[in-house]
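The primary structure of each chain is shown beneath.
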Amino acid sequence: NSFVVRTNTCGELRSAHVGQKVTLYGWIQYQRQGLFLVLRDFQGLTQIIIPQDEAHFHVKKLLSNAPVESVVRVTGIVSPRPPGQENPKMPTGDIEVKAEAAEILNFCKKLPFEIKDFIKKSEALRMQYRYLDLRSFQLQHNLRLRSRVVMRMREYLCNLHGFVDVETPTLFKRTPGGAKEFLVPSREAGKFYSLPQSPQQFKQLLMVGGLDRYFQVARCYRDEGSRPDRQPEFTQIDIEMSFVDQAGIQRLIEGLLQYSWPEERGSITTPFPSVTYEEALAEYGTDKPDTRFGMKIVDISDVLRLSDIQFVQNALSYPRGTIRAICIPQGVRYLKNKDLESLKESAKSQFNQEIMEIIRRPDGSLKSLLTKFLGEKQQLELIQALNMQVDDVVLLAAGEHKQVCSALGSLRLLSASLLEAAGLALRDPMAFRFLWVVDFPLFLPKAENPTELECAHHPFTAPHPSDAGLLYSDPTKVRSQHYDLVLNGNEVGGGSIRIHSAEQQRFVLEKVLKEDSEVLSHLLEALELGAPPHGGIALGLDRLISLIVDAPSIRDVIAFPKSFRGRDLMANTPDYVTPEELELYHIQVSWPLEEKEAKKN
């Protein structure tokens, strides 16, 4: 309570304070019939007894008539609650404060919604009145925990491991490849800044500058449109080191998370397990596996290779043809027919993948359209390969490797959600399963033109040492020195060892990606002037905190987030500016016809 005029907060009074005269400040959470009220501040709740005697008539009138959420100052004596009226659910539940003096510091008009966590409010209304929503216990808890975690991260990096906290510019220039960037007009006609999607180039330049170890709680910007799990502006824990390899970065991050992990969420075990990109795709159908539960994808190509099933033989004739399946435990008991149909329809609509189901009956036999094509030995091999138990349901897919695995990976997660909705506990919300995913491809075919290549991550990632020669002969086969950190099926970090050779960086930009290297002339020149080997990583702070507190959205761990469509509903932005203001930046808006008509009317 230093620097402020209160004597105590609303969350700290206990039986040891009985008899003391205290002054509290806060919001009226609840008031009952002029007898008592509950006062709330950032730390907790205290019950205030409203005096009923004539000598304190003014105090009674003031507190009885004050609307809920009004801001008040109360001075009174701490007293024990009468026997039997203690509240064990409140930390201050053994005491109450008998008010002697009070002042209304700000009356609250009618609220758009009640400030209670259990009251359902639309997200749009919560964001329109975000300053009210911030008063809720859950948001207060989330933001304070976020602050503690970041402070511990600073301690670990700066105090224990010699990192330098450096702020990098927000106004920069366009970066080739990667996500779309926000443009900021300048007063030079036709010239624009870009808001950085990460401080990638700056942190590499800091390594060229000899800082050795850099760290920043960095604000980043991506113009990715409407995505429910993304924000146009977000925060990264950004890290770069010189003279480091992949294993060194991984050890640093494991130590960082262990040091900063909130005690109330249990402990995390290091080192984190690691899988390659190909292993993750083959076993989980995704590069961000949720390893809290099983139901791994199983390759049953060899079991069915000698069968006479036409679609199986067709699939295995492809260059990367495969037959794979997942086994849903107790699927007969927990899933309805409509659930199975919805799973099949999902695979068809999203991945153009047909799915076949197999059920193991109580007598141990298999029920499926496939069984008439399979002998007893093959059926037994299938049961053993998939470890099928009675009432299990198998979903089988045949076709090209990546398509089959991606479809089954999606069905694995959808099936888990259906099982949990039906009452089968699969994913422990208190379990935190970290996983490193490594050996990603360096380049991928462009979706719009598969004959051209784009970066799997960004153009500064170094090739895997074993594949360095392939960069010049067959770049499609090159693995990268990129690594992702995954937590419970969510990507919470990503980084790489960087290219520190100007010649190699120029080749990647010009020959492989067909980009104009002039845009990065400053970086290429820096790489020619004694750049050390270096690498780094960025942790997505918003997503990490949302997983720690089990929030349904990253918007629940950001003080002032944007909406699903990237708008600030509280301040109503983005907003129009006048033609006169735009003239300074040599910009003229070309309105769509329907908007022109709307503005006329």
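Remember, predicted model here, so these are calculated numbers, not experimental data.

Observations concerning helix α4 (residues 137–161)
Then, number 1: Under the 1.5 Å per step criterion, the end-to-end length of α4 is 35 Å for 25 residues, consistent within 8% with the ideal 36 Å.
Then, number 2: All of the buried residues along α4 are L139, N142, L145, R146, V149, V150, M153, Y156 and L157.
Then, number 3: Once α4 finishes, G162 follows within two positions and takes phi at roughly 70 degrees, a positive value.

Let's talk about the sheet that holds strand β16 (residues 393–400)
Then, number 1: Spatially, five strands are ordered β12-β13-β16-β14-β15 in an open sheet, and the strand pairing comes out antiparallel. Of all the strands in the sheet, the pair left with one neighbour each is β12 (298–299) and β15 (366–367).

Quick look at the side chain of S260
Then, number 1: Relative to the helices and strands, S260 resides in helix α6 (residues 246–260).
Then, number 2: A relative accessible area of 5% means that S260 is categorised as buried.
Then, number 3: A polar atom in the side chain of S260 sits 2.8 Å from the backbone oxygen of L256.
Then, number 4: If we ignore the near neighbours within four places in the chain, the residues touching S260 are V149, R152 and M153.

As for the environment of Q33
Then, number 1: Looking at the secondary structure, you find Q33 in the loop between β1 (21–32) and β2 (36–41).
Then, number 2: When its relative accessible area of 67% is taken as the criterion, Q33 is described as exposed.
Then, number 3: A C-alpha to C-alpha distance of 59 Å links Q33 and A347, two positions 314 residues apart in sequence.

Quick notes on the sheet that holds strand β3 (residues 44–49)
Then, number 1: What the five strands build is a closed barrel, ordered β1-β2-β3-β5-β4; its pairing is mixed. Each strand axis lies, on average, 55 degrees off the axis of its neighbour in the sheet, ignoring direction.
Then, number 2: Bridge count for β2 against β3 is six bridges, and the pairing is antiparallel. Bridging from a neighbouring strand, D41 pairs with G44 of β3.
Then, number 3: Running at roughly 75 degrees to strand β5 (residues 95–106), helix α1 (residues 57–65) makes contact with β1, β2, β4 (71–80) and β5 of the sheet.

Section: the pairing of β4
Then, number 1: Across the ten residues that make up β4, a large majority, seven, are buried.
Then, number 2: Bridge analysis of β1 against β4 gives seven bridges, and the strand direction is antiparallel. If you follow L24 over to β4, its bridge partner there is V74.
Then, number 3: Alignment of β4 against β5, held across ten bridges, turns out to be antiparallel. The residue of β5 that forms the bridge with I77 is K98.

Describing the packing of aromatic side chains
Then, number 1: One pass over the full model with this rule turns up twelve aromatic pairs.
Then, number 2: Taking 5.0 Å as the distance between ring centres and 75 degrees as the angle between the ring planes, the aromatic pair formed by W261 and F432 counts as edge-to-face. Highlighted residues: W261 in the loop between α6 and β11 (274–276) and F432 in the loop between α13 (401–421) and β17 (434–438), separated in sequence by 171 residues. As far as the burial class goes, W261 and F432 line up, both buried.
Then, number 3: Aromatic pair W436 and Y483: ring centres 6.3 Å apart, planes at 80 degrees, arrangement edge-to-face.

Reading the values: the criteria
Residues numbered from 1 in each chain as written. Predicted model: local features only at pLDDT ≥ 70, side-chain atom pairs only at ≥ 80, totals over all residues. Heavy atoms only, no water. Helix = DSSP H or I, 4+ residues; strand = E, 2+ residues; numbered from the N terminus. Expected span 1.5 Å × (residues − 1). Buried < 20%, exposed > 50% of the residue type's maximum accessible area, 1.4 Å probe, protein only. Pairing = 2+ DSSP bridges. Polar contact = N/O pair within 3.5 Å; in protein donor to acceptor, adjacent residues only side chain to side chain. Contact = heavy atoms within 4.5 Å. Axes fitted to C-alpha atoms, helices over the stretch in contact; angles between N-to-C directions. Phe/Tyr/Trp six-rings, centres within 6.5 Å; stacked < 30°, edge-to-face > 60°.

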